[in-house]
Amino acid sequence: MKVDLIEGVVFDNHPDGYHDGGWLQVLHTFPQPVEVRAGTSLSMLVGHDRTSLLMTPIA
């Protein structure tokens, strides 16, 4: 999977560009956009339900 997030910023979850279908798509979106800046921290609540990874930003 390859996603163009913004101009010049690309998310690609296959490290060598070979698309063999063996990699799961792992992109976690938030309910609302979260503004972050380089060098700042983002607090997250992370867990799982034995099937899915759950990620939520903490305000």
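You'll find the structure just up there.
A complete count under the given rule lists 1 salt bridge for this structure. Here arginine 37 makes a salt bridge to glutamate 35, at a shortest N to O gap of 2.9 Å. With respect to class, arginine 37 is no different from glutamate 35; both count as exposed.

Another aspect to go through is the environment of leucine 45. For leucine 45, the location among the structural elements is in strand 3 (residues 44-48). Residues in contact with leucine 45, not counting those within four places in the same chain, are Leu54, Met55, Thr56 and Ile58.

We now examine the layout of surface pockets. For the largest pocket, the calculated volume is near 230 Å³. His28, Phe30, Gln32, Pro33, Val34, Val36, Leu42 and Met55 together form the lining of the largest pocket. Classifying every residue of the lining of the largest pocket gives 6 nonpolar, 2 polar and no charged.

What counts, and at which threshold
Residues numbered from 1 in each chain as written. Predicted model: local features only at pLDDT ≥ 70, side-chain atom pairs only at ≥ 80, totals over all residues. Heavy atoms only, no water. Salt bridge = Lys/Arg side-chain N within 4 Å of Asp/Glu carboxyl O. Buried < 20%, exposed > 50% of the residue type's maximum accessible area, 1.4 Å probe, protein only. Helix = DSSP H or I, 4+ residues; strand = E, 2+ residues; numbered from the N terminus. Contact = heavy atoms within 4.5 Å. 1 Å grid on protein atoms, 1.4 Å probe; cavity = no way out; pocket = protein on both sides within 12 Å on 5 of 7 lines; lining within 4 Å. Points joined across faces, edges and corners; volume = space filled by probe spheres on them. Nonpolar A, V, L, I, M, F, W, Y, C, P; charged D, E, K, R; others polar.

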